[in-house]
Amino acid sequence: MALDILIAGGGIGGLAAALALQRDGHRVTVCEAAAELKPLGVGINLLPHAVAVLDELGLMPVLASMAVPTSALVFANRHGQTIYEDVRGLAGGYSHPQFSVHRGELQQLLWREAATRLGAERLVSGWRITGAQLDGDEVIAHGVDATGARVARRASVLIAADGIHSAIRRQFHPDEGAPRWNGMMMWRGTSLARPFLDGRTMVQAGHRRAKFVVYPIAPPRPDGLQLINWICDRRLREDGLGGGLTAPGREDWNKPGSIDDLMPTFGGWRFPWLDVPGVIRGATQLLEWPMVDRDPLPRWRHGRITLLGDAAHPMYPIGSNGATQAILDAAAIARALREERRVETALANYEADRRPMCARIVELNRQEGLDYILDMVEERAPDGFARLEDVIDPAEIDAFVKRYKAVAGHRQAAMGEAALPSPR
Ligand SMILES: Cc1cc2nc3c(=O)[nH]c(=O)nc-3n(C[C@H](O)[C@H](O)[C@H](O)COP(=O)(O)OP(=O)(O)OC[C@H]3O[C@@H](n4cnc5c(N)ncnc54)[C@H](O)[C@@H]3O)c2cc1C
């Protein structure tokens, strides 16, 4: 049965959902608050199971031309010495590559595809949804347009994909308050630099008080330079473990950052294969974002209204899960509506499929995710090591990585499908 589906938010989650639902024959409209879509943000990662969803939507060729197929995730100490290397993509036993890509460019790709497939008139920019009400078998979404005028739209289903500050989530959970901060600030930048290592590796180096994450997000240019995404994490408060704090200012993905905040900590970090301060100084863009999330909700659905992506489960950007889980939500909601004709039951099935898993990732990331490994090594060998085995048992690391990946739903042939929480 073809439904009229309204999606609040034209981010990666909302647009992936729009494409998946349109493919199933639904009439989909997306209302995006931004009047004009600009390529905002820096790098993100798409894990193979999210890439598989985009592949099914026919986006693989264009994605492959703009993204970097990540070959490995390397954990290193702050001297650039490798602690653990996790092979990613096809060579790691996955059915699809992992892609590192510019967030804004991915969003623009999805927007263009949605404009072609849904019809440009079904992408409504400059509309900020402010609330919604149930009306029999319909939902009425209220909002304001770019001129500030009040607007309203009816649909059979409303999917709120309006990000970490979701208006619809706030309507149903008015006492939730601000996102929870763990005391860590992230400076996110891009620089043009010579490719490092094999030109396809993601590295996380340092420890829980200061960490440098770096990976390329576009193929090398003809002049040999490559767009590199990097993140400097600094712990500003020690009392925020698990997320008990409120961030110093309202979280804004576009807030500019300053290099002066980074050099005292990272100015001396030189890896054998990367000049960290050189990369930081070469920033073409530098943004600041606190490490925030929200507590998992007891429910996402209210009648024919549900949440998706960061609106449903904002999580620390650890383990490449932000965009990945939003895309998995998109596939799951389309599947649920395909398999069950009763709309409210289908939305309940979608939630049963996705909410527990996303809650587990939120909780696991609060335990610092894979960063836990870096911290152990820093504590035991702050000046570096001659032999890693003298510092940590590699089997201990391996076990930790496998546990994290199982929770995050990685589908790797070597891991055994039976161990995974979500077999679909
Ligand atoms: C501008 C921006 C830059 C980002 N940069 C990065 C980055 O560099 N690295 C990273 O890891 N993650 C970044 N993120 C977050 C990342 O995109 C998400 O964690 C992930 O992709 C899940 O996406 P989402 O679609 O659920 O949410 P989002 O990507 O947050 O998208 C939500 C969308 O909804 C729109 N919106 C918000 N409120 C309303 C409303 N009331 N009505 C209608 N539309 C609304 C927003 O404009 C946005 O387009 C960024 C998000 C944004 C919005």
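Computed from a predicted model, the values in this text were never measured in an experiment. (Residues numbered from 1 in each chain as written. Predicted model: local features only at pLDDT ≥ 70, side-chain atom pairs only at ≥ 80, totals over all residues. Heavy atoms only, no water.)

**What about the packing of helix 2 (residues 48-56) against helix 8 (residues 322-339)?**
- Running from amino to carboxyl end, helix 2 crosses helix 8 at an angle of 45°, the nearest separation of the two axes being 9 Å. Taken together, the axis directions place helix 2 and helix 8 in an arrangement best described as oblique. Between helix 2 and helix 8 the crossing geometry is left-handed. Facing His49, Ala50, Val53 and Leu54 of helix 2, the residues of helix 8 in contact are Thr324, Ile327, Leu328 and Ala331.
- Residues of the contact of helix 2 with helix 8, tallied by class, amount to 6 nonpolar, 2 polar and no charged. (Axes fitted to C-alpha atoms, helices over the stretch in contact; angles between N-to-C directions. Helix = DSSP H or I, 4+ residues; strand = E, 2+ residues; numbered from the N terminus. Parallel < 35°, antiparallel > 145°, perpendicular 65-115°, else oblique. Left-handed = near helix turned anticlockwise from the far one by under 90°. Contact = heavy atoms within 4.5 Å. Nonpolar A, V, L, I, M, F, W, Y, C, P; charged D, E, K, R; others polar.)

**Focus on helix 2**
- Most of helix 2 is tucked away, with 7 of its 9 residues classed as buried.
- All of the buried residues in helix 2 are Pro48, His49, Ala50, Val51, Ala52, Val53 and Leu54.
- Turning to helix 2, the residues buried within the fold contact strand 3 (43-46), helix 3 (60-66), strand 7 (99-102), helix 4 (103-118) and helix 8.
- Phi turns positive, to about 80°, at Gly58, one or two residues after helix 2. (Buried < 20%, exposed > 50% of the residue type's maximum accessible area, 1.4 Å probe, protein only.)

**Overview of empty space enclosed by the protein**
- The tally for this structure, following the rule as stated, stands at 2 cavities of 30 Å³ or more.
- Its volume calculated, the largest cavity comes out at about 60 Å³.
- Contributing to the lining of the largest cavity are Arg294, Asp295, Pro296, Leu297, Trp300, Ala312, His313, Arg355, Cys358, Ala359 and Val362.
- Looking at the lining of the largest cavity residue by residue, the class counts come to 7 nonpolar, 1 polar and 3 charged. (1 Å grid on protein atoms, 1.4 Å probe; cavity = no way out; pocket = protein on both sides within 12 Å on 5 of 7 lines; lining within 4 Å. Points joined across faces, edges and corners; volume = space filled by probe spheres on them.)

**A few points about the nonpolar core**
- Membership of the largest hydrophobic core comes to 73 residues, with the highest contact counts inside it found for Ile7, Leu21, Leu46, Leu106 and Leu158.
- The element best represented in this core is helix 8, accounting for 10 residues.
- With near-sequence residues (within four places) excluded, Leu158 lies in contact with Leu6, Ala8, Ala132, Val139, Ala141, Ile168, Arg304, Ile305 and Thr306.
- Grouped together as the second largest cluster of nonpolar side chains are 63 residues, Val74, Ala193, Phe271 and Leu388 included. (Core = buried A, V, L, I, M, F, W, Y, C linked by side-chain atoms within 4.5 Å.)

**A few points about the sheet that holds strand 9 (residues 128-135)**
- Taken together, the 3 strands give an open sheet; going across it, the order is 9-10-11, and neighbouring strands pair in antiparallel fashion. Whereas interior strands pair on both sides, the edge strands pair on one side only; in this sheet they are strand 9 and strand 11 (150-155). Ignoring which end each strand starts from, the neighbouring axes of this sheet average 25° apart.
- Examined bridge by bridge, strand 9 and strand 10 (residues 138-144) share 7 bridges and lie antiparallel to one another. Bridging from a neighbouring strand, Arg128 pairs with Val144 of strand 10. (Pairing = 2+ DSSP bridges.)

**Remarks on the packing of aromatic side chains**
- For the coordinates displayed, the defined rule picks out 10 aromatic pairs.
- Consider the rings of Phe75 and Tyr84, whose centres lie 6.5 Å apart with planes at 50°: the pair is tilted. For the pair shown, Phe75 and Tyr84 are each scored as buried.
- Through pairs of rings, three or more aromatic residues link up here, namely Phe196, Phe212, Trp230, Phe266, Trp269, Phe271 and Trp273.
- In this arrangement the basic side chain of Arg153 is found over the ring face of Trp127, its NZ or CZ atom lying 5.0 Å from the centre. (Phe/Tyr/Trp six-rings, centres within 6.5 Å; stacked < 30°, edge-to-face > 60°. Lys NZ or Arg CZ within 6 Å of the ring centre and 35° of its normal.)

**Side note on the packing of helix 9 (residues 343-366) against helix 11 (residues 394-407)**
- Their axes nearest at 9 Å, the elements helix 9 and helix 11 cross at an angle of 145°. Across the interface between the two elements, Met357, Arg360, Ile361, Leu364 and Asn365 of helix 9 pack against Arg403, Tyr404 and Val407 of helix 11.
- Each residue belonging to the contact of helix 9 with helix 11 can be placed in one class, and the counts come to 5 nonpolar, 1 polar and 2 charged.

**Quick look at the pairing of strand 6 (residues 82-87)**
- The sheet contact formed by strand 5 (residues 72-76) and strand 6 spans 5 bridges and is antiparallel. Bridging across to strand 6, Ala72 finds its partner in Val87.
- Where strand 5 folds back on strand 6, the antiparallel hairpin that results is connected by 5 residues, among which Gly80 adopts a positive phi of roughly 85°.

**Description of the site of the ligand**
- Neighbouring the ligand are 30 residues; Glu32, Val42, Arg103, Arg188 and Asp310 lie closest to it.
- Ala33 is positioned with one of its backbone polar atoms (N or O) 3.1 Å from a nitrogen atom of the ligand.
- At 3.5 Å, a backbone N or O of Asp162 approaches a nitrogen atom of the ligand.
- The protein chains hide 88% of the 910 Å² of surface that the ligand would expose on its own.
- Residue composition of the shell around the ligand, by class: 12 nonpolar, 12 polar and 6 charged. (Near = heavy atom within 4 Å. Polar contact = N/O pair within 3.5 Å; in protein donor to acceptor, adjacent residues only side chain to side chain. Areas by Shrake-Rupley, 256 points an atom, 1.4 Å probe, with all protein chains shown as cover.)

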